[in-house]
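Chains, contacts and geometry: an overview
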Amino acid sequence: MKKWTEALRSQLKHKFYEDEIEEIIEYYTEIIQDRLDQGENQETVLASYPIKRIVKDMTGQIISKRNHDNPRMISKSTQQLLLILLSTPILIPLAIVYLALLIVLGSLMIVGVALFISGIAVFITQTVLLFQVEVAWYQSLGVLGIALIGIAVMELVAYYLCRLSYFLMKQLIVLFSRIVNQRGEEK
Amino acid sequence: MKIFKFTIYGFLVLGITFTVIAFIYGMKIEDVLAYFNDDAAYELVETDPITTQLEEITVQTQIRIIEINYTNDIELTYQYHQREGEIWEIEITDTSLTISQREPLRLLSGLRHASLKVRTIQINIPITWNLTLDIKTTTGSISIEGTSSIEVPNLKAHATTGSIRLKNITTNNLEVKTSTGSVNIENVSADTADLRTSTGTVRIKNSNLDQLNVKVSTGDIRVEGLVFESVTLQASTGDIRITDISIENTTLQFNTNTGHIRLNEQTVSKDYSVVFGGNKQLTLKTNTGNITVKTRN
């Protein structure tokens, strides 16, 4: 039993965080212990829980429970979800849809970053140009004001665009991991 | 992130305050527009008229609108505005005029822009001159218009970002290409015509194009009153609509993958093919768009 638990822990380490690993091991240990208490043979019970199958089955469930409060976790869940979808033939169309949506959201984020950079660039050039033309002080102030409004609007649009795509990426993970779970339960 | 948002909202408040103060002290909307207008940096270049008849005009620009008109004058005139640092090369031989414009690398261009007027090259050609035209611009539109049906041996018009408009012209070979602009052809006659655009719409009206080939990616193709021998119109996601056309003695081939095909208000199959005899050919293909054909009564 201990050997099996260690083998499971070793496989789970590649995919899950420490607290998730403990949760999975605890869950399966409890189920196995219940069956052993009912007098079933240990080898037969352990054979009915292939480690690779456990890892695959639990991935969807664990991903859907994650908080996704940092980009690294989102990136990890996205990759894992894509792998599950692509490794199950019946889910490949879903994988394509997921990938397409990820590309759309990625493009949205790139637009946000481009807006952010171009906003700063336009503000700098506009401010430098301001010192090269001779106009009344209040006109310079007005143009500087417009440049400030311009950069603020561009940066705010960029910020909320990135926030929106980040939020939608999190929602996609929840949605697709639930679909994966449902399909797993149906099987 | 809080500091970032605080800074940005600070910029916004500061910007509004500065602008309000500026307006209180006498700044006007015209002052703002004048500040962002870059016309003063451009200078009109005086050019001598060309009196000897040429055979060819070649124009190649990076950022210019090109307008070619035919006039009743007996000499060719052209004018353009030049900005400091721009590279202009004008070459005049006994048979040709070549105009080329290149932009220098500008790091501090800001938001200042010149008006359309100063960004236009205007060429006026006498209506009696039969010139081959080879016109290319990277950013800007091209317009070639004759007052009556003008004879141009060969006509090439290429733009990367800009629309192309041709009106009242007769030519042997017509080649029109643009990436992100539309193509408008009206009252044009050509033996062969090759029209391409990626995201724009192609419109052809009252024209006589014997061998016509049109390729569009995401735009539509609209044809009205076309006389032809062989036509191939291809769109990827756009619609194809042809009206006021004769299909007598014509082999028809219409194909769409996910759209609908309507021939004179009748819906036909997605892969429609019919031979009415004769040598004329009308081939229409689109991937996800619709095809509509209305023949002349």
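Refer to the preceding data block for the structure.
Cut-off values and rules
- Residues numbered from 1 in each chain as written.
- Chains lettered and ligands numbered in written order.
- Predicted model: local features only at pLDDT ≥ 70, side-chain atom pairs only at ≥ 80, totals over all residues.
- Heavy atoms only, no water.
- Salt bridge = Lys/Arg side-chain N within 4 Å of Asp/Glu carboxyl O.
- Helix = DSSP H or I, 4+ residues; strand = E, 2+ residues; numbered from the N terminus.
- Core = buried A, V, L, I, M, F, W, Y, C linked by side-chain atoms within 4.5 Å.
- Buried < 20%, exposed > 50% of the residue type's maximum accessible area, 1.4 Å probe, protein only.
- Contact = heavy atoms within 4.5 Å.
- Axes fitted to C-alpha atoms, helices over the stretch in contact; angles between N-to-C directions.
- Parallel < 35°, antiparallel > 145°, perpendicular 65-115°, else oblique.
- Left-handed = near helix turned anticlockwise from the far one by under 90°.
- Nonpolar A, V, L, I, M, F, W, Y, C, P; charged D, E, K, R; others polar.
- Patch = residues over 30% accessible without salt bridge, like charges linked within 9 Å, V, L, I, M, F, W, Y side chains within 5 Å.
- Areas by Shrake-Rupley, 256 points an atom, 1.4 Å probe, with all protein chains shown as cover.
- Pairing = 2+ DSSP bridges.

Description of the pattern of salt bridges
- Applying the stated criterion to the full structure yields 16 salt bridges over all chains.
- Across the pair Asp244 of chain B and Arg296 of chain B runs a salt bridge whose closest N-O atoms are separated by 2.9 Å. Note that Asp244 of chain B is positioned in strand E15 (residues 240-245) and Arg296 of chain B in the segment after strand E21 (291-295), a separation of 52 residues in sequence.
- When the shortest N-O distance is used, the salt bridge between Glu265 of chain B and Lys294 of chain B registers 3.4 Å. One end of the pair, Glu265 of chain B, is in the loop between strand E17 (261-263) and strand E18 (266-268); the other, Lys294 of chain B, is in strand E21, and 29 residues separate them in sequence.
- When salt bridges that share partners are traced, they join Glu6, Arg9, Glu18 and Glu22 of chain A into one network.

Considering the nonpolar core
- In this structure, Leu76 and Leu133 of chain B are the most contacted members of the largest nonpolar core, which totals 65 residues.
- Ignoring anything within four residues of it in the chain, the contact list for Leu76 of chain B reads Pro49, Ile50, Leu54, Ile57, Leu97, Ile123, Asn124, Ile125, Pro126, Trp129 and Leu131 of chain B.
- Judged by nonpolar contacts, the second largest core, of 18 residues, contains Ile25, Val45, Leu46 and Val55 of chain A.

Points about the packing of helix H2 (residues 18-37) of chain A against helix H4 (residues 51-65) of chain A
All names here are of chain A.
- H4 packs onto H2 with a crossing angle of 125° between their chain directions and a minimal axis gap of 11 Å. As far as their axial angle goes, H4 and H2 are oblique. The chirality of how H2 crosses H4 is right-handed. Every residue of H4 that contacts H2 at Glu20, Glu23, Ile24 and Tyr28 is listed here: Ile54, Met58, Ile62 and Lys65.
- Each residue belonging to the contact of H2 with H4 can be placed in one class, and the counts come to five nonpolar, no polar and three charged.

Focus: a nonpolar patch on the surface
- A contiguous nonpolar surface patch, about 460 Å² in accessible area, is contributed by Val113, Phe116, Ile117, Ile120, Ile124 and Val128 of chain A.
- Take Phe116 of chain A: its relative accessible area is 31%, and that puts it in the partly exposed class.

Points about the pairing of strand E2 (residues 56-63) of chain B
Residues and elements named next belong to chain B.
- As judged from the six bridges shared by E2 and strand E6 (residues 96-102), these two strands associate in the parallel manner. Counted as the bridge partner of Glu56 is Ser96 from E6.
- Bridging between E2 and strand E8 (residues 132-139) involves seven bridges; their strand directions are parallel. Across the sheet, Ile57 pairs through a bridge with Leu133, a residue of E8.

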